[in-house]
Amino acid sequence: MSHVYISHSARDFDALLELHEALRAASIPDWYVPNDGGSREMADQSIDDAFAMIILVSAASVRSKAVRQDVERAKARGLKLIPYQIDKARLNGFFKHEVLPHLRLSSTTPEGLKQLVAETKQAYKKKCPVVAVMNLKGGVGKTTVTSQVFGAWQGALGGRILLIDLDPQYNLTQTFYEMDVADASAAQDRSVISLFEKSRLHARDTSSPADSWLTLSTDPFAPTRREKLVHELMGEGSPGGRLDLVSGQFEISKYAFASDPAALALIKEHFLQSIERYRSDYDLIVIDTNPNATFLTRCALEAADRVLAPMHADIYSLRGVRLLNQVIKEQIAADNRPDLSVLFNAVGRSEQSTFEADARNGAYNAKAGFDLASSLMRAALPRSGHLQVKAPKEGQPAWKQLTIHSGRGGGLKPIRESLKAVALELKLLLEDA
Ligand SMILES: Nc1ncnc2c1ncn2[C@@H]1O[C@H](COP(=O)(O)OP(=O)(O)OP(=O)(O)O)[C@@H](O)[C@H]1O
Ligand SMILES: [Mg+2]
């Protein structure tokens, strides 16, 4: 479980302890730099892991360099700020600009501390949205969009993001890690199978569900702590922040062959409960999926608030989107049905852009079987070598695979702008929903 970070000046230790006690009584974990001083790295790491930041606003904290660094880090990470005024501090320019717009709570109002705890609790309990990247057509850019658009989201808009590789081909995992690294992780069940079945990650004396193709483990289990399951893509030397991956593996194909519907229903429930659990650890969860309609498709659709369907500007992709919309409508109950956004990917300049323009004008609505024109995202991704999958280089950190962080090559700037534009439009769509 993540914590609330308390940014404070060392001089406000009494107020800090009072707040710490109030949060403890409300069972909200907190973290603050101890009075004997902690390193900047520790503070930054703790901010990156936090679900929100409380700022104790005082005459001393307004002057504190550490508090200013905290707020700057939080801003860069898109972290929710909850300032709390504890004396009659005169705000300087930085505080007026960065903190004042969020400042509503003060210790001088009756129930001030209670309100602060209530607001923090609300942020703590918040469950993040889930996006499934899906099209029932292969090779349209699902995996590319999952890694590059959401990598750009994390880099440019901040927030804690979890990517889940739900495709048994596990291309998303191989985007970031060499095959043997991915397979070694799966060999320990530190991978997607642990969202579905009780594994060695949950109990050491359990046998691996990946070892047995013919049986499904329906034993209930408590999802493990995030840190035990995920790979941190923004590791050492990276610009920081949280972009995690639940790595994939081939063995989840076994669900396609399972013949016991009651057991499969339980396995699906495990998956949904696991996702529900991790929704409070992140600001966004993104699931990369397989191109054919299977049990895994249903799991992703039931977990998702929104489906993002990349499509090429051609009739084959259109058919995939048509089928996808049909599956969503026919298989998922109306009260749990995800919204659908369609994203043009790998759009070239030639005749394909005519296809795009026609689609935006509604010319393909009838063929799609729904109002495709209004499901289309305004932003689109061009065809570009910068978005072509490149195998990870040996010894190179995972985050270097992200276009948003991959140096200064020619033509990179417009591609990054496109990735950011898609991320921003999607963020607004999710906030509106
Ligand atoms: N915008 C783009 N510009 C250039 N190449 C792209 C672009 N998007 C994807 N590609 C390339 O197209 C190929 C297919 O992309 P990707 O693997 O993301 O598709 P997918 O939908 O996940 O495929 P699958 O259905 O097999 O999972 C890859 O080689 C990728 O590098
Ligand atoms: Mg893929």
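Residues numbered from 1 in each chain as written. Chains lettered and ligands numbered in written order. Predicted model: local features only at pLDDT ≥ 70, side-chain atom pairs only at ≥ 80, totals over all residues.

**Student:** Sorry, what's going on with the overall build of the protein here?
**Tutor:** Within the protein one finds 18 helices and twelve strands. For the protein, whose C-alpha radius of gyration is 23 Å, the value lies close to the compact-globule estimate of 22 Å for 433 residues. Looking at the protein residue by residue over its 433 residues, the buried ones come to 43%. (Helix = DSSP H or I, 4+ residues; strand = E, 2+ residues; numbered from the N terminus. Rg over C-alpha atoms; globule rule 2.2 N^0.38 Å. Buried ≥ 20, exposed ≤ 12 C-beta atoms within 10 Å, placed from the backbone.)

**Student:** Would you explain the sheet that holds strand β5 (residues 105–106) in this entry?
**Tutor:** Strand pairing in a sheet relies on backbone hydrogen bonds, with the paired strands running either antiparallel or parallel. Overall, parallel pairing links the five strands, which are arranged β2-β1-β3-β4-β5 in an open sheet. The open sheet has two edge strands, β2 (30–32) and β5, and neither has a second partner. Across six bridges, strand β3 (residues 52–57) lies against strand β4 (residues 80–85) in parallel orientation. Within β4, the residue paired with M53 across the bridge is L81. (Pairing = 2+ DSSP bridges.)

**Student:** In this structure, what is going on with the nonpolar core? I would like to understand it.
**Tutor:** For soluble globular proteins, nonpolar side chains are generally found buried alongside one another. Core analysis: the biggest nonpolar cluster contains 86 residues, and I285, V286, I287 and A300 have the highest contact counts within it. When near neighbours in sequence (up to four residues on either side) are disregarded, V286 contacts V131, V133, T146, F150, I161, L163 and I164. Ranked by size, the runner-up nonpolar core spans 31 residues in total, among them A50, F51, L56 and Y84. (Core = buried A, V, L, I, M, F, W, Y, C linked by C-beta atoms within 7 Å. Contact = placed C-beta atoms within 7 Å.)

**Student:** Sorry if this is basic, but what is going on with the pairing of strand β1 (residues 4–7) here?
**Tutor:** Look at any regular strand and the pattern is simple: side chains alternate between the two faces of the sheet. Going residue by residue along β1, you find V4 and I6 tucked away on one face and Y5 and S7 tucked away on the opposite face as well. Here three bridges tie β1 to β2, and the two strands are oriented parallel to one another. Residue pairing for β2: V4 is matched across the bridge by D30. In this region the chain leaves β1, passes through helix α1 (residues 13–25) and returns to the parallel neighbour β2; the handedness of that crossover is right-handed. (Right-handed = clockwise from strand over helix to strand, strands pointing away.)

**Student:** Can you help me understand the domain arrangement of the protein in this one?
**Tutor:** When the parts of a complex come together, some accessible area is lost, and that lost area is often taken as the interface size. Here the protein is partitioned into domain 1 (4–125) and domain 2 (130–432). A separation of 34 Å is found between the C-alpha centroids of domain 1 and domain 2. Of the residues lining the interface, eight residues belong to domain 1; the matching set on domain 2 comes to seven residues. Residue classes in the side of domain 1 that touches domain 2 are distributed as two nonpolar, one polar and five charged. (Domains from an automatic or database assignment. Nonpolar A, V, L, I, M, F, W, Y, C, P; charged D, E, K, R; others polar.)

**Student:** Please explain the packing of helix α12 (residues 261–278) against helix α13 (residues 295–303) as it appears in this structure.
**Tutor:** Where α12 contacts α13, the two axes come as close as 10 Å, and the packing angle between them is 40°. With respect to their mutual orientation, α12 and α13 come out oblique. When the axes of α12 and α13 are compared, the crossing they make is right-handed. Of the residues in α13, those in contact with L264, K268, F271, L272 and I275 of α12 are F295, R298, C299, E302 and A303. Taken together, the residues of the contact of α12 with α13 sort by class into seven nonpolar, no polar and three charged. (Axes fitted to C-alpha atoms, helices over the stretch in contact; angles between N-to-C directions. Parallel < 35°, antiparallel > 145°, perpendicular 65-115°, else oblique. Left-handed = near helix turned anticlockwise from the far one by under 90°.)

**Student:** So what exactly am I meant to see when it comes to the sheet that holds strand β11 (residues 306–311) here?
**Tutor:** An order of β8-β9-β7-β10-β6-β11-β12 is seen for the seven strands of this open sheet, with the pairing classed as mixed. Of all strands in the sheet, those bounded by a partner on one side alone are β8 (231–232) and β12 (339–344). Where β8 and strand β9 (residues 243–246) come together, two bridges link them in antiparallel fashion. Across the sheet, residue H231 finds its bridge partner in β9, namely L245. Across the sheet, helix α14 (residues 315–331) is in contact with β11 and β12; its angle to β11 comes to roughly 165°.

**Student:** When you look at the environment of I328 in this model, what are you seeing that I'm missing?
**Tutor:** Topologically, I328 is positioned in helix α14. The class of I328 is buried, set by 21 C-beta atoms lying within 10 Å. With residues up to four places along the chain from it excluded, the contact list for I328 reads L301, V307, R337, P338 and L340.

**Student:** Can you help me understand the pairing of β4 in this one?
**Tutor:** Alignment of β4 against β5, held across two bridges, turns out to be parallel. Within the sheet, the bridge partner assigned to Y84 lies in β5 and is L105. Crossover handedness for the path β4 to helix α5 (residues 93–98) to β5: right-handed.

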